[in-house]
Amino acid sequence: MYIQPRSFDHPDAVKLNDEVQLEYAERYGDEGDVTPLDPSMFRPPNGLYLLAYDESDAPVATGGWRTQDRNDEGYSDGDAELKRMFVTRHGRGQGLARRILAALEADARAAGRIRMVLETGDQQPEAIALYTSSGYTPCEKFGYYRTYESSLCFAKPLQES
């Protein structure tokens, strides 16, 4: 397994994004995550998008972060928002999500971001377990789904205080 930076519109990223959207639709009974995202949001130094590949060069995991600052969706200055963390069924159980998460946190920290924030849903217990075991704690809701009952928001400081 290896992890590579890729653009959000790279064909492998698009493939995994389509796959995660199907999983969201199954879990929530809707059209998936409709948060507006653009490839430019993940370009360094304002973000990063990573893909993990298996030994046959098939994409099996993804995740990215993008810069956020104070706005009317509830973000704070210095936020880095985690997006599209996903591991395919084939890639699960190998620690890929934890490796991608650590790499994204390190990159956001190096870019001067103050805290990592994320939004997940109440039908994703695996994600909640990953984040809470990685030091994330519940925070005030933010983002596109902040008014949804099923939305759960978490944050983790990136800089030493």
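What counts, and at which threshold
Residues numbered from 1 in each chain as written. Predicted model: local features only at pLDDT ≥ 70, side-chain atom pairs only at ≥ 80, totals over all residues. Heavy atoms only, no water. UniProt positions renumbered as here; feature names shortened; annotations may be inferred. Helix = DSSP H or I, 4+ residues; strand = E, 2+ residues; numbered from the N terminus. Patch = residues over 30% accessible without salt bridge, like charges linked within 9 Å, V, L, I, M, F, W, Y side chains within 5 Å. Areas by Shrake-Rupley, 256 points an atom, 1.4 Å probe, with all protein chains shown as cover. Salt bridge = Lys/Arg side-chain N within 4 Å of Asp/Glu carboxyl O. Axes fitted to C-alpha atoms, helices over the stretch in contact; angles between N-to-C directions. Parallel < 35°, antiparallel > 145°, perpendicular 65-115°, else oblique. Left-handed = near helix turned anticlockwise from the far one by under 90°. Contact = heavy atoms within 4.5 Å. Nonpolar A, V, L, I, M, F, W, Y, C, P; charged D, E, K, R; others polar. Buried < 20%, exposed > 50% of the residue type's maximum accessible area, 1.4 Å probe, protein only. Arc of directions from axis to C-beta. Core = buried A, V, L, I, M, F, W, Y, C linked by side-chain atoms within 4.5 Å.

- The protein has the name GNAT family N-acetyltransferase in an unreviewed UniProt entry, where Streptomyces sp. 900116325 is given as its organism.

1. A word on the UniProt feature "domain: N-acetyltransferase" (unreviewed entry) in the protein
Then, number 1: Here the UniProt-annotated "domain: N-acetyltransferase" (unreviewed entry) positions come out as residues 1-159.
Then, number 2: With 26% helix and 29% strand, the stretch residues 1-159 has end C-alpha atoms that lie 29 Å from each other.

2. Quick notes on a nonpolar patch on the surface
Then, number 1: Together, Val34, Tyr144 and Tyr148 give the surface a local cluster of nonpolar side chains, amounting to about 250 Å² of exposed area.
Then, number 2: With respect to the helices and strands, the residue Tyr144 is situated in the loop between strand S6 (137-138) and strand S7 (151-157).

3. Quick word on the packing of helix H2 (residues 96-110) against helix H3 (residues 125-133)
Then, number 1: At their nearest, the axes of H2 and H3 sit 11 Å apart, and the two run at 50° to each other. Between H2 and H3, the angle is such that the two are oblique. Regarding H2 and H3, the two cross each other, and that crossing is right-handed. Residue-level contacts link Ala97, Arg98 and Leu101 of H2 to Leu130, Tyr131 and Ser133 of H3.
Then, number 2: By residue class, the composition of the contact of H2 with H3 is four nonpolar, one polar and one charged.

4. Some remarks on H3
Then, number 1: Turning to H3, its buried residues are Ala127, Leu130 and Tyr131. Along H3, the residues classed as buried sweep out an arc of 90° about the axis, all on the same side.
Then, number 2: Lining the buried residues of H3 we find strand S4 (79-87), H2 and strand S5 (115-121).
Then, number 3: One or two positions beyond H3, positive phi appears at Gly135, with a value near 95°.

5. A closer look at unusual backbone geometry
Backbone phi values are negative for most residues with the exception of glycine, while trans is the configuration of most peptide bonds.
Then, number 1: Of note, the bond from Pro44 into Pro45 is cis; its omega dihedral lies within 30 degrees of zero at 5°.
Then, number 2: As for its placement among the helices and strands, Pro45 is situated in the loop between helix H1 (11-28) and strand S2 (47-53).
Then, number 3: In this structure, Asp57 is a non-glycine residue whose phi angle is positive, near 65°.
Then, number 4: Within the fold, Asp57 resides in the loop between S2 and strand S3 (59-68).
Then, number 5: Its relative accessible area of 48% is what places Asp57 among the partly exposed residues.
Then, number 6: Positive phi is not limited to glycine here, since Arg84 has a value of about 55°.
Then, number 7: Structurally, Arg84 is set in strand S4.
Then, number 8: Using a relative accessible area of 6% as the deciding quantity, one classes Arg84 as buried.

6. What to know about the nonpolar core
Then, number 1: Grouped together as the largest cluster of nonpolar side chains are 23 residues, with contacts concentrated most on Leu82, Met85, Leu104, Met116 and Tyr131.
Then, number 2: Of all elements in the fold, only S2, S3, S4, H2, S5 and H3 reach the threshold of two or more residues within this core.
Then, number 3: Broken down by element, this core gets its largest block of residues, five residues, from H2.
Then, number 4: Residues within four places of Leu104 in sequence aside, it is in contact with Leu48, Leu50, Gly63, Gly64, Trp65, Leu82, Met85 and Met116.
Then, number 5: In terms of nonpolar packing, the next biggest core, distinct from the first, is built from eight residues, Leu16, Phe42, Leu51 and Tyr53 among them.

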